[in-house]
Amino acid sequence: MIPVPLLVCVMGVWCAVYLADTLLRSSLTHRISYESWLASRGLMLSPFHLRWQTTMFNRLFAYCARINPRAQYLWFNSGLVFGVVAMVGSVVLLTQTLQQTLAQMTTDNPRMGSQQALQVVVPGVNLPTSQLAYFFMALLLSGVIHELGHAVAALREQVRVNGFGIFVFVVYPGAFVDLFTTHLNIISPTQQLRIFCAGVWHNFVLCVAALAFLFLLPLFLFPMYSTGGGALVTEVVQGSAADGPRGLSVGDIVSGLEDCPVRGVDDWSSCLSRISLTPQTGYCVPSASLQPSWAHGRAFKRLDGTMDCCSNNSLTDLCFSYMKPQGKNSREYACMPVRKMVTGTRVCRTNGDCAAHSHAASICVTPSLENQTRFIRVTHPPNTHMLFVGYPPHLQYAVSLTNFLPRFGFLHLDLPVFLETFCKYVVSLSGALAVVNSVPCFALDGQWMLNALLEATLVTVVTDRQKRELIGFFLLLAGSALLAANVALGLWMVTAR
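Per an unreviewed UniProt entry, the protein goes by the name Membrane-bound transcription factor site-2 protease and belongs to Sander lucioperca. Taken directly from UniProt, the Subcellular location (unreviewed entry) text for the protein runs: "Endomembrane system".

Take a look at the structure:
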């Protein structure tokens, strides 16, 4: 569900703003000066909607529209082709997303939701509040680039731009351009299509540019940051399994999980996944130091069938199981100090693995844990191993890591993280805006793109203009219903389930 404090805060701010606006407009002494102040600054205020419009960027748009006319002609024609293809592709993608959502509603498998290409984003629910700044900055940048495309394309087609603006609806920022409708209506449908498709085309280009920057980020940061030397810890969740005096700290470099080397964040995730799916590894210890101990009582069977031989309150001891090299083919259990037993020892699967790498008599001992629980040694030199006992995904969620290791002490650890995270949000949101605005739906770019496309292609087939408008109306109705169904079911899945 939506967090109540966040909802109360948003509602409180908007109520205060709207109350102040209502009082000033109803005041006999301040009404005229207040409305003049709003008009002079291009501000418009309505419930849950604040809008600012200006003409200060018109010269910049005009300058951009005059740069290399032939290259721009090819550029916006490419945008026209992309827009038409995207309009069809968005319908296919939304149809697939709707099918996946309906399938997810009838199953309890949580992985199906993560497989969807499009998901409704609700701040504070499936968007962490710590990353709201990334979300809103990326959304605003995507909106500005979208409208920049419309403005430059319009000026190229001799359509006047009345102004550019930014708005905030509830908590979501956006941008818009105000085009002169009379000029827009007298140009050809193909010219209109170039203007209407320019927004989604520029969103697509921004998405590709952010993706390329993200891919080349190690190269751009190479003079200041190195990669491939491990995963750098940037945050440890307080009170988590990785927190504590012998846990991980900000600035530690993780170089291994058990016998799995870690050269970066991807290795960290893949090693944890592999450890989760494979049986618990063992450790080679000298047989002379291994003596069964019943100080904590005899071994007993847990509910899942595994064995335990240590007190549940012990923080330093762990139950180990092993096979004697000689004698009966049965397992023995011993409760032993875990750090002493595994420090500096090799991993193994059988006693034969220990004999192959050690001259002294050694036995392979394995922590006796519940089925999905794992014992993991986390290597982060020069510190001693961090020892983790628990469910491996809990360790992954307890630590934030980055691939970038600063070459100099004065460099901030969070700069690469900021650039990486921001680029990922730009890729996601700019791509999503390109898809959503391509949908043939009322009040979106897809409405005008579809109308212009029908006028450009059906004028010789369906000569009656009213019939073309009727075809466009039913197509827009179907597209609007498809988008509304995706949004409604997506919101329900995110907030109510």
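Next comes the rest of the write-up.
Caption draft 1: Representation of the sheet that holds strand β2 (residues 49–54) in the model. Taken together, 4 strands build an open sheet; the order of strands is β1-β2-β3-β4 and the sheet is antiparallel. Edge strands, defined here as strands with exactly one partner in the open sheet, are β1 (43–46) and β4 (172–179). Between one strand and the next, the sheet's axes are offset by a mean angle of 20°, whatever the strand orientation. Sheet analysis places β1 next to β2, joined by 4 bridges and oriented antiparallel. Looking at β2, one finds that Met44 is bridged to Arg51.

Caption draft 2: Local environment of the nonpolar core. Grouped together as the largest cluster of nonpolar side chains are 33 residues, with contacts concentrated most on Val159, Leu179, Leu193, Ile195 and Met449. Those elements that provide at least two residues to this core are α3 (58–65), α4 (69–105), α6 (132–156), β3 (161–169), β4, α8 (189–220) and α14 (445–457). Counting residues per element, this core draws most heavily on α8, which supplies 7 residues. Val233, Cys260, Val262 and Leu272 belong to the second-largest nonpolar core, a separate cluster that totals 21 residues.

Caption draft 3: How the structure looks around the UniProt feature "transmembrane region" (unreviewed entry) in the protein. UniProt feature "transmembrane region" (unreviewed entry): in the numbering of this structure it lies at residues 73–95, 132–149, 161–180, 200–222 and 470–494. Counting secondary structure, residues 73–95 comes out at 100% helix and 0% strand; the distance between its end C-alpha atoms is 33 Å. When the span residues 200–222 is considered, its composition is 91% helix and 0% strand, and the gap between its end C-alpha atoms is 33 Å.

Caption draft 4: How the structure looks around the packing of α3 against α6. Here α3 crosses α6 at 65°, and the two axes come no closer than 8 Å. In this structure, α3 meets α6 at a crossing whose hand is right-handed. Between α3 and α6, the contacting residues are Phe61, Ala62, Cys64 and Ala65 on the first element and Leu148, Ala151, Val152, Leu155 and Arg156 on the second. For the contact of α3 with α6, the residue count by class is 8 nonpolar, no polar and 1 charged.

Caption draft 5: Up close: the sheet that holds strand β6 (residues 231–236). In space, the 3 strands of this open sheet follow the order β7-β6-β19, with antiparallel pairing throughout. Unpaired on one side and paired on the other, β7 (253–254) and β19 (399–402) mark the two borders of the sheet. Pairing between β6 and β7: 2 bridges, direction antiparallel. Of the residues in β7, the one forming a bridge with Leu232 is Ile253. Seen against the sheet, helix α9 (residues 265–277) touches β6, β7 and β19 and runs at an angle of roughly 135° to β19.

Caption draft 6: Quick peek at the packing of aromatic side chains. All told, the structure shown has 18 aromatic pairs when counted by the stated rule. Between the aromatic rings of Phe135 and Tyr172, the centroid separation amounts to 6.1 Å while the plane-to-plane angle is 70°, which identifies the pairing as edge-to-face. Taken together, the residues Phe135 in helix α6 and Tyr172 in strand β4 connect sequence positions 37 residues apart. For Phe135, a relative accessible area of 4% corresponds to the buried category. Taking 5.7 Å as the distance between ring centres and 15° as the angle between the ring planes, the aromatic pair formed by Phe408 and Phe410 counts as stacked.

Caption draft 7: Quick look at the state of the cysteines. Here the structure, examined in full by the defined rule, presents 5 disulfides. Here Cys309 connects covalently by a disulfide to Cys319, the sulfurs 2.2 Å from one another. Across the S-S bond linking Cys309 and Cys319, the dihedral sits near 115°, which makes this disulfide right-handed. Here Cys309, found in the loop between β12 (307–308) and β13 (317–323), pairs with Cys319, found in strand β13; they are 10 residues apart in sequence, far enough to count as distant. Neither residue differs from the other here; Cys309 and Cys319 are each classed as buried. In this model Cys348 forms its disulfide with Cys364; the gap between the sulfur atoms is 2.1 Å. In this structure the cystine formed by Cys348 and Cys364 twists about its S-S bond by roughly 100°; its chirality is therefore right-handed.

Caption draft 8: Representation of α9 within the structure. Here α9 spans 19 Å end to end across 13 residues, near enough to the 18 Å set by a 1.5 Å rise per residue. Within the sequence span of α9, burial applies to Asp267, Trp268, Cys271, Leu272 and Ile275. For α9, the arc enclosing every buried residue in end-on projection is 130°, short of the 170-degree limit, so these residues lie on one face. When the buried face of α9 is taken as reference, the exposed residues oriented beyond 90 degrees from it are Asp266 and Leu277. Elements that come into contact with the buried residues of α9 comprise β7, β8 (256–257), β9 (260–261), β17 (374–379), α12 (392–398) and β19.

Rules used in this analysis
Residues numbered from 1 in each chain as written. Predicted model: local features only at pLDDT ≥ 70, side-chain atom pairs only at ≥ 80, totals over all residues. Heavy atoms only, no water. UniProt positions renumbered as here; feature names shortened; annotations may be inferred. Pairing = 2+ DSSP bridges. Helix = DSSP H or I, 4+ residues; strand = E, 2+ residues; numbered from the N terminus. Axes fitted to C-alpha atoms, helices over the stretch in contact; angles between N-to-C directions. Core = buried A, V, L, I, M, F, W, Y, C linked by side-chain atoms within 4.5 Å. Buried < 20%, exposed > 50% of the residue type's maximum accessible area, 1.4 Å probe, protein only. Left-handed = near helix turned anticlockwise from the far one by under 90°. Contact = heavy atoms within 4.5 Å. Nonpolar A, V, L, I, M, F, W, Y, C, P; charged D, E, K, R; others polar. Phe/Tyr/Trp six-rings, centres within 6.5 Å; stacked < 30°, edge-to-face > 60°. Disulfide = S-S within 2.5 Å. Expected span 1.5 Å × (residues − 1). Arc of directions from axis to C-beta.

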